[in-house]
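The chain contents come next:
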Amino acid sequence: MPKKENRNRNMPTVTRQEALDFHAQGRPGKLEITPTKPMATQRDLSLAYSPGVAEPVKAIAEDPSTAYDYTTRGNMVAVISNGTAILGLGNLGALASKPVMEGKSVLFKRFADVDSIDLEIDTENVDEFVNCVRFLGPSFGGINLEDIKAPDCFVIESRLREIMDIPVFHDDQHGTAIIAAAGLINALDLTGRDYKTTKLVCNGAGAAAIACIELIKAIGFNPENIILCDTKGVVFQGRTEGMNQWKSAHAVNSDKRTLAEAMDGADVVLGLSAKGTLSEDMIRSMAPNPIIFAMANPDPEITPEEVARIRDDAIMATGRSDYPNQVNNVLGFPYIFRGALDVRASTINDEMKIAAVMALANLAKEDVPDDVAAAYQGNRPRFGPNYIIPVPFDPRLISSIPVAVAKAAMDSGVARKPIADLEAYARELRGRRDPIASTLQRIYDRVRRHPKRVVFAEAEEEQVMRAAISYVNQQLGTAILLGRDDVIAATAEKAGIDLNRPGIEFINARTSKRREAYVDYLYARLQRKGFLQRDVQRLINTDRNHFAACMVALGDADAMVTGTTRNYSTALSDIRRCIDAKPGHRVIGVSLALCRGRNVLVADTAVHDMPSSEELADIAEEAASLARKLGYEPRVAMLAYSTFGHPEGERSERVREAVKILDKRRVDFEYDGEMSAEVALNPRIMEQYPFCRLSGTANVLVMPAFHSASISTKMLQELGGCTVIGPLLVGFDKPVQIASMGAKDSDIVNMAAIAAYNAGT
Ligand SMILES: NC(=O)C1=CN([C@@H]2O[C@H](COP(=O)(O)OP(=O)(O)OC[C@H]3O[C@@H](n4cnc5c(N)ncnc54)[C@H](OP(=O)(O)O)[C@@H]3O)[C@@H](O)[C@H]2O)C=CC1
Ligand SMILES: CC(=O)C(=O)O
Ligand SMILES: [Mg+2]
């Protein structure tokens, strides 16, 4: 069995303060409601509201199924909890469960484009809860129950399933069971075990645990080989303390009484209980090549580091995203509901659950194609002990699980709107995925695997200090804080920031032993550009950008981030004095615009004021290469106010000429132009130019000049509700990023991570 790689988790990946700030910043919470129809004119109002709204009302009254055509019902799931079993934190009440429920709603949207709203019901009374939910059916296409303690959850779910004609799915039961079963099938496969003889212990006998062992028995495990444990120890036949009918159904005929006794010689342990409940001795006593799924959240029953200290032959999984093998229901619920909603399933039955299990298990065994490898930080995973299950960001999940679930719903007769062409459905699902939004995740994951030393040039600023801490806490590498010691210390103290932690280093330009080397380096570059040696000395001693850029140029840091205190062009020219463009490259700025369902790269948003045709062609090449690096196949539109010669104009001529230059260079990506933005971005308008060489709408927009690039990206941000990241600098010989003036700590960390990413492996 190959040795496993486990992360060093001596420090939390996020601090309490970061998590609180994340939830509090901007509009509190994690989601908002946005209209999908224009609401600008009197006519819009007449259609959306009175009198127009009466028509769909009458249509639905006549034929209720048309609610799926005229309202949000068909794509809307309610995430409902009473907060009695919030993760592994216990019964903290309905209100405290809201952040988790909002989180689940957001994950529905992020991963499967399912709209969702959280509802927290403030009662522990089963009848009241059921009565509250049962009348909500008309509003939703499905109900996702979450974090409701056992055994109440079993009663609630089964009663609601009986009464309601839409899928009711307790995620902690079935979502968890589906993912655990998929991981287990693959782990058994890797360790050459037979279902019938494998001995399994499940610690925890609540919602998740009961559902897991029911599903595991359904796929072929021998019930006699499964021992369930809870706070009272082994659930054995005849036990009376702490029992209920659901535990009794799985009680074993055994004289083992404690978890430790049950674990002795076990092949598999499933932890669905609470933090730290599995001891090192228990793990030591397991059979060779044990399978350990410690799934309690947020802290597992035993950590991968603890297991690694005892034995190197285990397959280890947790519920967390910061270790390999994340067995978490996030891999299931968004996609299972996607498939169920798309066929208007009346329920989510066992056939659909097993179809999801098999789709997930099989996906981990498939060869990972190039575009998917990008989601794994370029490290193409291969089926094995560290990769028994895909990661939540695997872009194939959206087109594999819903298809399997939808097909099983149709085959088992619960689909009210069958899909005729599943291939076409899979293609449509692929279109729903949101590649640029996962780009940052990919960048972060890759840097975590190859941590880098990043110099934060403006470390006297409070938001830069916070960004540095976040950089370190996220295990991205070492943060080098450049600034005057006394100023940094005073600012940190005033802001209540503790910088004394591993991973943070301090450099004071005035006392650094490397000053001389930097002066020599910079003087050699600038002596024929009007600089005296003493000018260069002053730059190195007093200017943070020059000092930091020299650190990177001479290899004392891997990458640099700056920009929050100076305007962009000043920071850029400081850096250009110290670092050149990569040979054969041009330094440009590219902004990533993450819009609703549409993402584009826009260039050049930083450097060239009025680029020549030759420069526009270079910009197209640099931007296309960045797009590829981020995992997209570039389709570059060379933008102008005119389209393919109409209206004629001198300014568009420059863009047309750039296209001809790209023709001559025989570049290996799709490009065309000149064209206006609506032709580049609207498929119906693009169709009017059948000769256009782009195979789809553009994902890279090369702007004719800096002003149009800058104005349009800022308008996207301010008016279009898009998130704009950047400009990212590309083409420099060393990785440097400039954040915008006044950037928030989270923006600065993004820039630092991008700079670190560009520092390579
Ligand atoms: N990775 C994933 O995707 C998921 C993980 N989970 C995790 O599973 C755990 C349980 O969740 P859920 O089933 O919803 O909660 P429940 O409240 O329904 O069940 C909790 C179960 O854990 C048992 N338990 C609690 N503490 C201990 C202990 N110290 N030793 C042994 N057993 C203990 C309880 O025992 P008793 O019956 O005696 O009270 C109970 O059977 C949580 O940590 C949760 O985060 C849940 C869903 C998904
Ligand atoms: C993941 C999840 O749903 C839980 O831990 O409760
Ligand atoms: Mg849960």
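Residues numbered from 1 in each chain as written. Chains lettered and ligands numbered in written order. Predicted model: local features only at pLDDT ≥ 70, side-chain atom pairs only at ≥ 80, totals over all residues. Heavy atoms only, no water.

*Asks:* Describe the pairing of strand E9 (residues 291–294), listing the residues and the values that go with them.
*Replies:* Here E9 shows two buried faces, one formed by Ile291 and Phe293 and the other by Ile292 and Ala294. Sheet analysis places strand E8 (residues 268–271) next to E9, joined by four bridges and oriented parallel. Looking across to E9, one finds that Gly271 is bridged to Ala294. Across four bridges, the pairing between E9 and strand E10 (residues 315–318) is parallel. Directly across from Ile291, in E10, lies its bridge partner Ile315. (Buried < 20%, exposed > 50% of the residue type's maximum accessible area, 1.4 Å probe, protein only. Helix = DSSP H or I, 4+ residues; strand = E, 2+ residues; numbered from the N terminus. Pairing = 2+ DSSP bridges.)

*Asks:* Which residues make up the site of ligand 2, and what are the values?
*Replies:* Residues in contact with ligand 2, as listed here, are Leu87, Lys104, Glu146, Asp147, Asp172, Asn297, Asn328 and Asn329. Between ligand 2 and Glu146 there is a distance of 3.0 Å, counted from an oxygen atom to a side-chain nitrogen or oxygen. Expressed as a share of its isolated accessible area of 210 Å², the protein-covered part of ligand 2 is 86%. For the shell around ligand 2, the per-class residue count stands at one nonpolar, three polar and four charged. Here the shell around ligand 2 gathers at least three residues from each of two domains, domain 1 (16–170) and domain 2 (174–330). (Near = heavy atom within 4 Å. Polar contact = N/O pair within 3.5 Å; in protein donor to acceptor, adjacent residues only side chain to side chain. Areas by Shrake-Rupley, 256 points an atom, 1.4 Å probe, with all protein chains shown as cover. Nonpolar A, V, L, I, M, F, W, Y, C, P; charged D, E, K, R; others polar. Domains from an automatic or database assignment.)

*Asks:* How would you explain the sheet that holds strand E21 (residues 736–738) if you had to name every residue and give the values?
*Replies:* Adjacent strands of a sheet pair through backbone hydrogen bonds, lying either parallel or antiparallel. Overall, parallel pairing links the five strands, which are arranged E13-E12-E11-E14-E21 in an open sheet. Looking along the sheet, the strands with just one partner apiece sit at the ends: strand E13 (504–507) and E21. Pairwise comparison of adjacent strand axes, ignoring direction, gives a mean angle of 20° for this sheet. Inspection of the sheet shows strand E11 (residues 452–456) paired to strand E14 (residues 559–562) by three bridges, in the parallel sense. (Axes fitted to C-alpha atoms, helices over the stretch in contact; angles between N-to-C directions.)

*Asks:* Give me the lowdown on the coordination of the magnesium ion (ligand 3), citing residues and values where you can.
*Replies:* Coordination sphere of the magnesium ion (ligand 3), protein contribution only: Glu146 (OE), Asp147 (OD) and Asp172 (OD), at 2.0 to 2.1 Å. Site description for the magnesium ion (ligand 3): donor spacing in sequence, E-D-x24-D. With Asp147 in the loop between strand E3 (142–145) and helix H7 (152–163) and Asp172 in helix H8 (residues 171–190), the pair connects residues that are 25 residues apart, well separated along the chain. (Donors = N, O, S within 2.8 Å, 3.2 Å for Na, K, Ca; no water.)

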